[in-house]
Amino acid sequence: MIERQLYNKAKQLLTKFPIVAITGPRQSGKTTFSQALCPDYQYVNLELPDERQFAIEDPKGFLNNYKDGVIIDEVQYVPELFSYLQAVTDQRKKNGEYLLTGSQNFLLSHHIAQSLAGRVALLTLLPFSFTELDTSVYKPGSWMEYLYKGGYPRVYEQQITPSDFYPNYLQTYIERDVRQMLNVRDLAIFQKFIQLLAGRIGQLLNQNNLANELGLSNKTIESWISVLEASFIVYRLQPYHKNFNKRLIKTPKLYFYDTGLASYLLGVRKVSDIQIHFAQGALFENLVVNEFLKDSLNKGERLQFYFWRDSLQREVDLIIDKGLERNAYEIKMSQTVHPDFFKTLTYYKELDPEAKLNLVYGGNIDQQRSDTKVYGFENSKYLEENNP
């Protein structure tokens, strides 16, 4: 089993809080991780009808039966349980008594905010990061191979080809989750919607355009995107406009949590397809932003991620705001560093003199260029700038 970077943080928080909750997409490894983290804990899965019914009909009896070290999997299926968890943990005062997992983030967070504030530590487990795979027997031959395969554990551990894994993942997701959360009558339209989103990776998210293309209302598009966000399929990167007087873009950009899924939706069927694909640069940008996000979440941090763009289309791909410190990143797929790559960073520095400038590119050589640090993606050292 590949050691997950989240392990140490989760282990620490189990000694500080009565409840630790881990969210993340389906099949990101939450169950395997939880059982490795707490091998002596009882395990109960609320996807099983009998266990779910027990928890719904008799929550007090359920929590009396499962106590003193319990993993409760897919806890979002019984949101009523959270109020009872509050009562029993307040009474027992035992840190690390419950480890909860859930793959529907908005349900879990909503009920936690209402019932378990101050009693629970929230963590997110995404699919494997490049760094996690890089030190394992499943180390990708290149970042292109990693981009193509994505990070879902089953792809590596069961040696499933992406063209076999992702169609089944999509079908299962649509049939199980979408039908539960949305009244989608035509699943073919919803699948087309997901494919259209993949074609807009790294672009400003124009919901009106999507609505017109699919013949749907803007309200429906917003609802569908929100469900995909809640299920860890896509996320929106918000624009950065703090303390700047220039006219700035205020529309978010869209990315996928896993580039393997995005690549499949875009018709990538082998690694070499990436080199000639129209979305190669956008997919690489998505890959790099994901690695920063995973690194932050694996350390239990909630850093603020943005992009910056002005009305003249000058853009910095990623701004990581750490309060008193900001890191600005230009992301380029090219395996060669070109002088043009630094133009927007240099301009941005005039607006934000305290920002640290960085370039991540598709090569493997690190350099120091004037006031910009240059990193080859496969070295993974660019993450040290984010979390030294």
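Structure shown above.
Residues numbered from 1 in each chain as written. Predicted model: local features only at pLDDT ≥ 70, side-chain atom pairs only at ≥ 80, totals over all residues. Heavy atoms only, no water.

This brings us to the overall build of the protein. On a plain count of helices and strands, the protein comes out with 17 helices and 13 strands. On C-alpha atoms alone, the protein measures out to a radius of gyration of 22 Å, which is about the 21 Å that the 2.2 N^0.38 rule sets for 388 residues. Of all 388 residues assigned to the protein, the portion counted as buried reaches 56%. The long-range share in the protein, meaning contacts at least 24 apart out of those at least 6 apart in sequence, stands at 67%. Of the roughly 17,200 Å² of accessible surface on the protein, a fraction of 46% belongs to carbon and sulfur atoms. (Helix = DSSP H or I, 4+ residues; strand = E, 2+ residues; numbered from the N terminus. Rg over C-alpha atoms; globule rule 2.2 N^0.38 Å. Buried < 20%, exposed > 50% of the residue type's maximum accessible area, 1.4 Å probe, protein only. Contact = heavy atoms within 4.5 Å. Areas by Shrake-Rupley, 256 points an atom, 1.4 Å probe, with all protein chains shown as cover.)

Bringing unusual backbone geometry into the picture now. Positive phi, close to 55°, is recorded for E74, a residue that is not glycine. Along the chain, the position of E74 falls in the loop between β3 (70-73) and α5 (81-92). Positive phi, normally seen in glycine, also occurs at S370, with a value near 50°. On the secondary structure map, S370 appears in the loop between β12 (367-369) and β13 (372-376). Judged by relative accessible area, S370 falls into the exposed class, the value being 72%.

Moving on to the packing of helix α10 (residues 162-181) against helix α11 (residues 187-198). Following both chains from N to C, one finds α10 and α11 inclined at 115°, their axes separated by 12 Å at the closest point. When you trace α10 past α11, the crossing you get is right-handed. Within the contact between the two elements, α10 uses L170, Y173, I174, V178 and R179 and α11 uses L187, F190, Q191 and I194. By residue class, the composition of the contact of α10 with α11 is seven nonpolar, one polar and one charged. (Axes fitted to C-alpha atoms, helices over the stretch in contact; angles between N-to-C directions. Left-handed = near helix turned anticlockwise from the far one by under 90°. Nonpolar A, V, L, I, M, F, W, Y, C, P; charged D, E, K, R; others polar.)

Quick look at the pairing of strand β5 (residues 120-124) now. Here is the key point about a regular strand: its side chains alternate between the two faces of the sheet. Within β5, four of the five residues are buried, which leaves the element mostly enclosed by the surrounding structure. Of the strand pairs in this sheet, strand β1 (residues 19-23) and β5 are connected by five bridges, and their pairing is parallel. Residue pairing for β5: T23 is matched across the bridge by T124. (Pairing = 2+ DSSP bridges.)

So, on to the environment of E315. Relative to the helices and strands, E315 is located in strand β9 (residues 315-321). On the basis of relative accessible area, E315 is assigned to the buried category, the value being 13%. The spatial distance from the C-alpha of E315 to the C-alpha of L345 is 8.4 Å, given a sequence separation of 30 residues. In this structure, E315 is in contact with K253, F307, W308, R309, E330 and T344, ignoring residues within four places of it in sequence. Engagement of the side chain of E315 in a polar contact is seen with the side chain of K253, the distance being 2.5 Å. (Polar contact = N/O pair within 3.5 Å; in protein donor to acceptor, adjacent residues only side chain to side chain.)

Pairing within the open sheet is mixed, and its eight strands lie in the order β7-β6-β8-β9-β10-β11-β13-β12. The sheet terminates laterally at β7 (253-256) and β12, the two strands that pair on one side only. Neighbouring strand axes in the sheet, compared pairwise and without regard to direction, differ in orientation by 35° on average. Both strand β6 (residues 234-239) and β7 contribute to a ladder of four bridges, which runs antiparallel.

With that settled, consider empty space enclosed by the protein. Scanning the entire structure with this criterion turns up one cavity of 30 Å³ or more. Put simply, the largest cavity is a space of about 40 Å³. Looking at the largest cavity, the residues that line it are Y146, G150, G151, Y257, D258, T259, L287, N290, E291 and K294. The element that contributes the greatest number of residues to the lining of the largest cavity is helix α15 (residues 280-298), accounting for four residues. Considered class by class, the residues forming the lining of the largest cavity number three nonpolar, four polar and three charged. (1 Å grid on protein atoms, 1.4 Å probe; cavity = no way out; pocket = protein on both sides within 12 Å on 5 of 7 lines; lining within 4 Å. Points joined across faces, edges and corners; volume = space filled by probe spheres on them.)

These figures capture arrangement, not role.
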